[in-house]
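Summary of structural features
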Amino acid sequence: MKRLLPLALLSTALSFSAVAQESGPQVPAYNDPLLELDIDERDNRYQFERSSLRALNVHDPLEGVNRRIYRFNAQFDRYVYLPVVRTYVWATPSPVRTGVSNVFDNLRDIPNLGNSLLQGKFQRSGETTARLLFNSIFGLAGIFDVAEKMGLPQQDEDFGQTLGVWGVPAGPYLVIPLLGPSSLRDGTGRVADWVIEDYVNYMDNRDFMNDYQATWGIWAIDLRYGIPFRYGALDSPFEYDQVRYLHTKLREFEISH
Amino acid sequence: MPTYRKTLGICAGLLATVALTANAGEPYAYPVTNPFMATVAGTPEKLRAPTPSDVDVQQTDLKVRVLPDRKLPPALSQYRDLHYRVAWHDEAAPLIFLVAGTGSGYDSTRMDYLKRLFWQAGMHVIVLSSPSNHDFIAAASNSGLPGMGAEDARDLHTAMTLAVENARQELGFEVTSYRLAGFSLGALHAAFVAELDTHLGQFDFERVLLMNPPVDLYASVGRLDALSYTRIEGVDDNDSFYEHIFQKLSRHFASRGNSDIQESLFEEIQSSPDALTDPELAMLIGAVFRFSAADLSFMSDLVTHGGRYVPADEQLKVSTSLTPYLRRALFCDFSCYINEQLLPTWQLENADKTIDDMAWETSLRSLQDFLQNNPDVAAVSNADDLILTESDYRFLADTLGERAFLYPSGGHGGNLDYAPVTERYLAFLQGGAQ
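Values in this document were obtained by computation on a predicted structure and should not be read as measured data.

Assigned secondary structure in chain A consists of 11 helices and two strands. Sequence-ordered secondary structure for chain A, helices as α and strands as β, is α-α-α-α-α-α-α-β-β-α-α-α-α. Radius of gyration (C-alpha) of chain A: 25 Å, far over the 18 Å computed for a compact globule of 257 residues. Pairs at least 24 apart in sequence give 65% of the contacts found in chain A among residues at least 6 apart. About 14000 Å² of surface is accessible on chain A, with carbon and sulfur atoms providing 66% of the total. Between the mean site of the 25 positive side-chain charges and the mean site of the 32 negative ones, chain A shows a separation of 2 Å.

Right, let's talk about the packing of aromatic side chains for a bit. Within this structure, the stated rule accounts for 33 aromatic pairs over all chains. Taking 4.9 Å as the distance between ring centres and 40° as the angle between the ring planes, the aromatic pair formed by A:Phe208 and A:Tyr212 counts as tilted. Ring pairing ties together the aromatic residues A:Tyr70, A:Tyr173, A:Phe229, A:Tyr231 and A:Tyr240, which thus form one cluster. Sitting over the ring of B:Tyr229, A:Arg45 keeps its end group 3.5 Å from the ring centre. Seen from the ring of B:Phe428, B:Arg207 lies directly overhead, with NZ or CZ sitting 5.1 Å from the centre.

Positive phi, normally seen in glycine, also occurs at A:Met203, with a value near 50°. By the secondary structure assignment, A:Met203 is in the loop between α8 (184–200) and α9 (205–211). By relative accessible area, which is 40% here, A:Met203 ends up partly exposed. Phi at B:Asn212 takes a positive value of approximately 45°, unusual for a residue other than glycine. Note that B:Asn212 resides in the loop between β6 (207–211) and α8 (217–227). Exposure remark for B:Asn212: the relative accessible area of 0% places this residue in the buried category.

Right, let's get into the state of the cysteines. The bond known as a disulfide is covalent and runs between the sulfur atoms of two cysteines. Residue and element names in this part refer to chain B. Under the defined criterion, the tally for this structure stands at one disulfide over all chains. Between the sulfur of Cys-332 and that of Cys-336 lies a disulfide, 1.9 Å long from S to S. Looking down the S-S bond of the Cys-332 and Cys-336 bridge, the torsion is -95°, so its handedness is left-handed. Owing to a relative accessible area of 13%, Cys-336 belongs among the buried residues under this scheme.

Helix length check: helix α3 (residues 63–91) of chain A, at 29 residues, gives a terminal C-alpha distance of 39 Å against a target of 42 Å (1.5 Å per residue), a fit within 8%. Bending of α3(A) peaks at approximately 50° at the position of A:Asp77.

Attention now goes to the packing of helix α6 (residues 149–171) of chain B against helix α7 (residues 185–200) of chain B. Residue and element names in this part refer to chain B. It is at 8 Å that the axes of α6 and α7 come closest, and there the two elements cross at 75°. Taken together, the axis directions place α6 and α7 in an arrangement best described as roughly perpendicular. Packed against α6, whose contacting residues are Gly-149, Ala-150, Asp-152, Ala-153, Arg-154, Leu-156, His-157 and Met-160, the element α7 presents His-189, Phe-192, Val-193, Leu-196, Asp-197 and Leu-200 at the interface. For the contact of α6 with α7, the residue count by class is eight nonpolar, three polar and three charged.

For the rest of this paragraph, the subject is the interface of chain A and chain B. Taken residue by residue, the interface counts 57 residues in chain A and 83 residues in chain B. Between chain A and chain B, the buried area comes to about 6200 Å², and carbon and sulfur atoms account for 58% of it. When the buried surface of chain A facing chain B is broken down by residue, A:Tyr30, A:Phe48 and A:Phe238 rank first, second and third, together holding 13% of it. Applying the counting rule to chain A against chain B returns six salt bridges. Between A:Arg42 and B:Asp237 there is a salt bridge, and its shortest N-O distance comes to 2.9 Å. Where chain A packs against chain B, one counts 35 residue pairs in polar contact (both at pLDDT 80 or more). Ranked by the residues each element gives to the side of chain A that touches chain B, the list is headed by helix α2 (residues 47–55) of chain A, at nine residues.

Okay, the confidence of the model for chain A next. Looking at chain A as a whole, the pLDDT averages 86, with 90% of positions reaching at least 70. Note on residues 1–24 of chain A: pLDDT is under 50 here. Beyond four places in sequence and across chains, it has 10 contacts.

All names here are of chain B. By secondary structure assignment, the location of Leu-98 is in strand β3 (residues 93–99). Between the alpha carbons of Leu-98 and Leu-128 there is a distance of 6.2 Å; along the sequence they are 30 residues apart. Not counting chain neighbours up to four residues away, the residues in contact with Leu-98 comprise Met-111, Leu-114, Lys-115, Phe-118, Val-125, Ile-126, Val-127, Leu-128, Ala-181 and Met-211.

Let us now look at the pairing of strand β1 (residues 173–176) of chain A. Residues and elements named next belong to chain A. Burial of β1 is two-sided: the residues Tyr-173 and Val-175 facing one way and the residues Leu-174 and Ile-176 facing the other way are all buried. Note that β1 and strand β2 (residues 180–183) share four bridges and pair antiparallel. Residue pairing for β2: Ile-176 is matched across the bridge by Gly-180.

Before going further, it helps to spend a moment on the nonpolar core. Core analysis: the largest hydrophobic core is formed by 159 residues, its most contacted members being B:Phe97, B:Phe118, B:Met211 and B:Tyr425. Looking at this core, the element that brings in the most residues is helix α11 (residues 278–303) of chain B, giving 13 residues. With sequence-adjacent residues up to four places away left out, B:Phe118 is seen in contact with B:Ile96, B:Leu98, B:Met123, B:Val125, B:Ala181, B:Met211, B:Tyr425, B:Leu426 and B:Leu429. Among the nonpolar cores identified, the runner-up in size contains 14 residues, and A:Val100, A:Phe104, A:Ile110 and A:Trp216 belong to it.

This part takes up empty space enclosed by the protein. Residue and element names in this part refer to chain B. Taken as a whole, this structure holds three cavities of 30 Å³ or more when the rule is applied. Of the voids in this model, the largest cavity is the one considered here, and its volume is about 140 Å³. Around the largest cavity sit 14 residues that line it, and Gly-147, Leu-185, Leu-217, Val-221 and Phe-334 are the ones nearest its centre. Broken down by secondary-structure element, the contributors of at least two residues to the lining of the largest cavity are α8 and α13 (334–349).

Any two side chains of opposite charge can pair, given that their charged atoms come close. By the definition in use, this model includes 41 salt bridges over all chains. A:Asp40 is paired through a salt bridge with B:Arg231; the nearest N and O atoms lie 3.4 Å apart. Taken together, the residues span two chains, with A:Asp40 in the loop between α1 (5–21) and α2 and B:Arg231 in the loop between α8 and α9 (241–256). Residue classification places B:Arg231 among the partly exposed positions, given a relative accessible area of 37%. Among the salt bridges present, the one from B:Arg394 reaches B:Asp398, with a minimum N-O distance of 3.3 Å.

Residue and element names in this part refer to chain B. Strand order across the open sheet formed by eight strands is β1-β2-β4-β3-β5-β6-β7-β8, with mixed pairing between neighbours. Only two strands of the sheet have a single neighbouring strand rather than two, namely β1 (59–64) and β8 (404–407). Adjacent strand axes in the sheet meet at a mean angle of 20° when their direction is disregarded.

Analysis parameters
- Counting starts from 1 at the beginning of each chain's written sequence and moves along it residue by residue.
- Going through the entries in the order they are written, you letter the chains from A and number the ligands from 1.
- Reporting of local features is limited, given that this is a predicted model, to residues whose pLDDT is at least 70; pairs of side-chain atoms are given and counted only at 80 or more, and all residues count toward the totals for whole chains, interfaces and linings.
- Side-chain metrics rest on all non-hydrogen atoms present in the structure, leaving aside hydrogens and water.
- Numbering goes from the N terminus for both helices and strands, where a helix is a DSSP run of H or I of at least four residues and a strand is a run of E of at least two.
- When we talk radius of gyration, it's over C-alpha atoms, and the globule rule is simply 2.2 Å times the number of residues to the 0.38.
- Whether two residues are in contact is decided by their heavy atoms, any of which lying within 4.5 Å being enough.
- Computed with a 1.4 Å probe, the accessible areas rest on the Shrake-Rupley method; for each residue, only the protein chains presented here act as cover.
- In this tally, Asp and Glu contribute negative charge and Lys and Arg positive charge; neither His nor the terminal groups of the chain are included.
- To locate a charge, take NZ of a lysine, CZ of an arginine, CG of an aspartate or CD of a glutamate.
- Any two rings among Phe, Tyr and Trp, with Trp reduced to its six-membered ring, count as a pair given centres within 6.5 Å; such a pair is stacked if its planes are under 30 degrees apart, edge-to-face if over 60, and tilted if neither.
- The rule is short: NZ of Lys or CZ of Arg within 6 Å of the ring centre and within 35 degrees of the ring normal puts a charge over the ring.
- The cut-offs for exposure are 20% and 50% of the maximum accessible area for each residue type, with area from a 1.4 Å probe on protein chains only; residues under the lower value are buried, those over the upper are exposed, and the others partly exposed.
- Note on terminology: pairs of cysteine sulfur atoms within 2.5 Å are recorded as disulfides.
- How far a helix is expected to stretch is found by multiplying one less than its residue total by 1.5 Å.
- By definition, a residue's bend is the angle between the axes fitted to the seven residues ending there and the seven starting there.
- Only C-alpha atoms enter the line fits that serve as axes; for helices the fit covers just the stretch in contact. Angles between N-to-C directions range over 0 to 180 degrees.
- To sort the angles, those under 35 degrees are grouped as roughly parallel, those over 145 as roughly antiparallel, those from 65 to 115 as roughly perpendicular, and the leftovers as oblique.
- Classes in brief: Ala, Val, Leu, Ile, Met, Phe, Trp, Tyr, Cys and Pro nonpolar; Asp, Glu, Lys and Arg charged; the others, Gly included, polar.
- Buried area: the accessible surface (1.4 Å probe) lost by two parts on joining, summed over both.
- By salt bridge we mean one thing: a side-chain nitrogen of Lys or Arg within 4 Å of a carboxyl oxygen of Asp or Glu.
- Think of a polar contact as two N or O atoms within 3.5 Å of one another; within protein, one of them needs to be a possible hydrogen donor and the other a possible acceptor, and neighboring residues in sequence only count if both atoms come from side chains.
- One number per residue, pLDDT, summarises how confident the predictor is, and it ranges from 0 to 100.
- Note on pairing: DSSP must find at least two bridges between two strands before they are called paired.
- Throughout this description, the term nonpolar core refers to a set of buried Ala, Val, Leu, Ile, Met, Phe, Trp, Tyr and Cys residues connected via side-chain atoms within 4.5 Å.
- Here a cavity denotes a set of grid points, spaced 1 Å apart and computed over the protein atoms alone, in which a 1.4 Å probe fits but from which it cannot get out, and a pocket denotes an open set meeting protein on both sides within 12 Å along at least five of seven lines; residues with an atom within 4 Å of a point are reported as lining.
- Grid points are joined across faces, edges and corners, and a volume is the space filled by probe spheres set on the points.

Below, the structure is given as structure tokens:
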């Protein structure tokens, strides 16, 4: 924004001088934002088409099945999942919800740590270890994210990302029932992360959750509570195509950082 | 001072006149003077008029069947009913209809903000998708070809009647009077609906608010199309614009050290060396509108069995890939839709007329007398609104006079959540003097 300041001052000054010349009610002077743009006037101006067509090239051999599952997920979200989440939000005060999210986030730092190590990201592994210690001890088993306040935000790493860093391609696009967009690689990664969490059984959480099965319900609700995505939000009959592209890009992005 | 302003914001609806007095002397100090930035990001959070959180609003989504005979294939069956959003109060109150803009549905972020704002000010709110949006075309557009002011207004008027009837039945609230507001293309629609209603006398809108309306719709559409042809430094004829943007984001994250994506991401990037330039922002806005144009062109063609995209004998199942149709529809911008789909149909009944006649009929200029002589209609707009030509802008100023709330900056609707602006238009809606 800083570099725009002189421009802003200039345009303000201009509009004031223009106002001063007018009579009657003060109407700010018209200012055409398109004038500064260089609009392509050629016949073969295809920047938008070229870019968008490329974005539609996603390897999706199971598209028919994927589209059905996508529709099922959207219906489930609308009629079951979101109403449950809304009831949860209605019934609990915000600090409780944040605490619940923090507890599960803290447990997720176990696969985060494992995958940071597997990817050779040692500084990140150190930071995640510090998070685990601070949050588990001073944050009372993770209820408070004290590490974040100390400048150590959570850094998500899953096994799909690890495989990506190792050079495994994403493979076919997959829509997983209830969970949504993924790929063969990332779907496999999810299973691996699940096994890691089970095996480590950090602070005996898996035993505890299996003993008190209602906690799995809270886990599922919190999972959806933390995801802002809403079916229909892209407002297009081509939502499936757009989500497929955005999801694929987002994963590429996460793997390269 | 900050707490004073905040309190004012909260009570804006109830204390409209007080707020106005407090405001009268203050110069307009909207901080986002870049129209592209304002259009994309809106007002910085601290300066936004506060609204209750969405869970604290008594609201629900409802649906009505507007066109019983409309047939849709399974792939698009979710659009058979017209879905809309209602926020209501237990006490009797005025009801405001809110109409979304081009390519926007009833559940868009901007509509949700305005819904909370109006609800907080004590109104029942019904939010409807833009008649140009794919869901409205499928569920409620008689002709299936939106873009003519008067026809769209009839579709909307019918949808409103059904929606309010259904909502009152289901939710049991009482309405004392009606108001109407629309954003962007929705504002143009609001003007046409208001004019139509003066002949029908059904709602007798006590206030009509046009937020960033186009004046000459087809001129505005041409300007939006143009944005998608913006030349960008670093993107040549073999490059993808989206890849270019992703690379910028990527560089930003690399220099930042972690990839924790936060809500303030956009503001953060814009204050970094990798800030998006004006041409890039313009192209982004243009691209979003082009996708809306593709949706519009595809959906209209499907509903009217035009055969541009989907062959007449093809049944779109849930599992059918729509990607090939999107590939083709992407080539049709708004001007293409008007020239190739809307105009030929219109000329069937207006053989001797030209596209200029059609443009005029859908322009606010055709409603000049109504707008000029009706003290209950006001508009909010900006001197740097992307969709207005200079003569469009002058038209708003000259026709509406004191009822044109014109600001020097804010882009296309970026300042609609800026506290001093909301106070002014809420005061108008609530019946205070401007």
